[in-house]
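What follows is each chain in one-letter form.
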There are 2 protein chains.
Amino acid sequence: MPSFNLELLLPPWIQEFSADNGRILHTDNDRMNFVIELSRQNIIHKTGGPFGAAVFERLSGRLLAVGVNLVIHSNCSHNHAEMIALAIAQHRIERYTLYGHDIPAYELVTSTEPCTMCFGAVIWSGITRLVCGAYSFDAEHVGFDEGPKPENWIEELEKRGIEVITGVHRTEARSILLQYIEEGGIVYNSRSIQ
Amino acid sequence: MPSFNLELLLPPWIQEFSADNGRILHTDNDRMNFVIELSRQNIIHKTGGPFGAAVFERLSGRLLAVGVNLVIHSNCSHNHAEMIALAIAQHRIERYTLYGHDIPAYELVTSTEPCTMCFGAVIWSGITRLVCGAYSFDAEHVGFDEGPKPENWIEELEKRGIEVITGVHRTEARSILLQYIEEGGIVYNSRSIQ
């Protein structure tokens, strides 16, 4: 590899779902359906784990960025759906934070509650709202390790000005996790050996 | 931007410190001095925050990857020193985990204890040892927010098979944090406005 260039290539099918389409989704339900569909497509195309996320302008509902789990595909354990959506969002607005008086307020919508890493990343990202589908419990129930988040993680986000909504379309979000397991998808955890 | 290509360009001065030089550092002290020097160079070159990290083969001491804080430079709040060193390390060995029976054991050496995000990332990374310089307290003392790590974060890592050593060359590591502040460096936190 060239030592000084770390490149993340997203799978081509994501193009259809990208912000270039000028998509606007007005409600939490619509936005959650969208990221659940991302997670489903990621399984269908066998490009990664059963997780999808997207960054929207809170008020207008304009889509800014999408992400899916690409850990295995990209050989990088950082590449959870939330991390990718946030990184692309910041890249698009050319700032290291999505929070500012002269830009719209942004939110992250994710098909499953964040793991410890993504929880930490959410805090630095500058979003002001987090909308989740399946619970951490649902991910853990099928074998994913969410890591040692503080028990009061929602409160910790709210203390920092980030509103949290969870359990939106939980049943549908959880069904993608189950589908992934039933189809023999790899569950990558901290003690996994490649 | 091309929608499907997220690129991280490291500052040119890092070349001198990269794994391409085949550097071998045998002791914790040597490895810590090396990452402290990375953090110092990052200030001198004004390419980011006062943090450096590197991944080494535990036994041989061979350097695999380096990282420095590039949040502002790269417009991405994920780009802490630890995140970059781990991502480059996995990219170099072409695996999504640094843990495996057929590869050497790896460790992450970092000039300051990890924030919440990096703590979570360490768990998924596959390293089996974490060596830290300055304490989280030191970073917070000069204004950096480390985020809501669980109080027993060291125990949580050790439970997952990751040995933790901290306070190595703490005074020197902390002096870089102080130098950064004295020189008017930007302290980026969750409520910062760009």
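Residues numbered from 1 in each chain as written. Chains lettered and ligands numbered in written order. Predicted model: local features only at pLDDT ≥ 70, side-chain atom pairs only at ≥ 80, totals over all residues. Heavy atoms only, no water.

### Considering helix α4 (residues 116–125) of chain B
Note that an α-helix has 3.6 residues per turn; residues three or four places apart therefore point the same way.
Part 1 of the argument: Within α4(B), 10 of the 10 residues are buried, leaving the element largely enclosed by the surrounding structure.
Part 2 of the argument: Buried within α4(B) we find Thr116(B), Met117(B), Cys118(B), Phe119(B), Gly120(B), Ala121(B), Val122(B), Ile123(B), Trp124(B) and Ser125(B).
Part 3 of the argument: Lining the buried residues of α4(B) we find α3 (81–93) and α4 (116–125) of chain A together with α3 (81–93), β4 (106–112), β5 (129–134) and α6 (153–159) of chain B. (Buried < 20%, exposed > 50% of the residue type's maximum accessible area, 1.4 Å probe, protein only. Helix = DSSP H or I, 4+ residues; strand = E, 2+ residues; numbered from the N terminus. Contact = heavy atoms within 4.5 Å.)

### Description of the relation of the copies chain A and chain B
Part 1 of the argument: Aligned on chain B, chain A shows an RMSD of 0.0 Å; the corresponding rotation is 180 degrees and the shift along the axis is 0.0 Å. On this basis, the relationship between the two copies can be described by a two-fold rotation axis.
Part 2 of the argument: Most of the interface of chain A is mirrored in chain B, where 100% of its interface residues are also at the interface. (Least-squares fit on C-alpha atoms with pLDDT ≥ 70 in both.)

### Concerning the nonpolar core
Part 1 of the argument: Counting 136 residues, the largest nonpolar core has Phe34(A) and Phe34(B) as the members making the most contacts within it.
Part 2 of the argument: Once residues lying within four places of it in the same chain are set aside, the contact partners of Phe34(B) are Phe17(B), Arg23(B), Leu25(B), Ala54(B), Phe56(B), Leu63(B) and Val66(B). (Core = buried A, V, L, I, M, F, W, Y, C linked by side-chain atoms within 4.5 Å.)

### Side note on the pattern of salt bridges
Should their charged atoms come close, side chains of opposite charge can pair.
All names here are of chain A.
Part 1 of the argument: For the structure shown, the criterion picks out 23 salt bridges over all chains.
Part 2 of the argument: Salt-bridge contacts for Glu-156 lead to Lys-159; the nearest nitrogen and oxygen are separated by 3.3 Å. Here Glu-156 and its partner Lys-159 are both found in helix α6 (residues 153–159), three residues apart, which amounts to about one turn of the helix.
Part 3 of the argument: Using a relative accessible area of 11% as the deciding quantity, one classes Glu-156 as buried. (Salt bridge = Lys/Arg side-chain N within 4 Å of Asp/Glu carboxyl O.)

### Points about helix α7 (residues 170–182) of chain B
All names here are of chain B.
Part 1 of the argument: Over its 13 residues, α7 extends 18 Å from the first C-alpha to the last, a length consistent with the 18 Å expected when each residue adds 1.5 Å.
Part 2 of the argument: Turning to α7, its buried residues are Ala-173, Ile-176, Leu-177 and Tyr-180. Around the axis of α7, the buried residues are gathered within 95 degrees of arc, so they sit on the same side. In α7, the exposed positions angled more than 90 degrees off the buried face are occupied by Thr-171 and Glu-182.
Part 3 of the argument: Of the surrounding elements, those touching the buried residues of α7 are α1 (28–44), β4, β5 and α5 (136–141).
Part 4 of the argument: Gly-184, located one to two residues past α7, shows a positive phi value of around 80 degrees. (Expected span 1.5 Å × (residues − 1). Arc of directions from axis to C-beta.)

### Quick notes on the packing of aromatic side chains
Residue and element names in this part refer to chain A.
Part 1 of the argument: Considering all chains together, one arrives at 12 aromatic pairs over all chains under this definition.
Part 2 of the argument: Relative to Trp-153, the ring of Phe-119 has its centre 6.3 Å away and its plane inclined at 85 degrees; by these criteria the two rings are edge-to-face. In this pair, Phe-119 sits in helix α4 while Trp-153 sits in helix α6, placing the two residues 34 residues apart along the sequence. Take Phe-119 and Trp-153: they sit in the same class, and that class is buried.
Part 3 of the argument: Over the aromatic face of Trp-153 sits the side chain of Lys-149, whose NZ or CZ is 4.0 Å from the ring centroid. (Phe/Tyr/Trp six-rings, centres within 6.5 Å; stacked < 30°, edge-to-face > 60°. Lys NZ or Arg CZ within 6 Å of the ring centre and 35° of its normal.)

### With respect to the pairing of β4(B)
Residues and elements named next belong to chain B.
Part 1 of the argument: Of all seven residues that make up β4, seven are buried, and the element is covered over most of its length.
Part 2 of the argument: Of the strand pairs in this sheet, strand β2 (residues 52–57) and β4 are connected by five bridges, and their pairing is antiparallel. For Glu-57, the partnering residue across the bridge sits in β4 and is Tyr-106.
Part 3 of the argument: Taken together, the five bridges between β4 and β5 define a ladder with parallel strand orientation. In the sheet register, Thr-110 faces β5, and the bridge partner there is Cys-132. (Pairing = 2+ DSSP bridges.)

### Let's talk about the side chain of Glu82(B)
Residues and elements named next belong to chain B.
Part 1 of the argument: With respect to the element layout, Glu-82 can be found in helix α3.
Part 2 of the argument: The side chain of Glu-82 sits in the buried core without any salt bridge; Lys-149 is the nearest counter-charge, 8.0 Å away.
Part 3 of the argument: A polar contact is formed between the side chain of Glu-82 and the side chain of Thr-110, at a distance of 3.4 Å.
Part 4 of the argument: Beyond its immediate chain neighbours, meaning those up to four positions away, Glu-82 contacts Ala-53, Leu-108, Thr-110, Thr-112, Glu-113, Pro-114 and Cys-118. (Lys, Arg positive; Asp, Glu negative; His and termini not counted. Polar contact = N/O pair within 3.5 Å; in protein donor to acceptor, adjacent residues only side chain to side chain.)

### Comments concerning the interface of chain A and chain B
Part 1 of the argument: Contact with chain A, which involves 60 residues of that partner, is made by 60 residues of chain B.
Part 2 of the argument: Buried area between chain A and chain B, both sides added, is near 5,800 Å², and the carbon and sulfur share of it is 62%.
Part 3 of the argument: The tally of links from chain A across to chain B stands at zero salt bridges.
Part 4 of the argument: If you look at where chain A meets chain B, you find 10 residue pairs in polar contact (both at pLDDT 80 or more). (Buried area = accessible area lost by both parts, 1.4 Å probe.)

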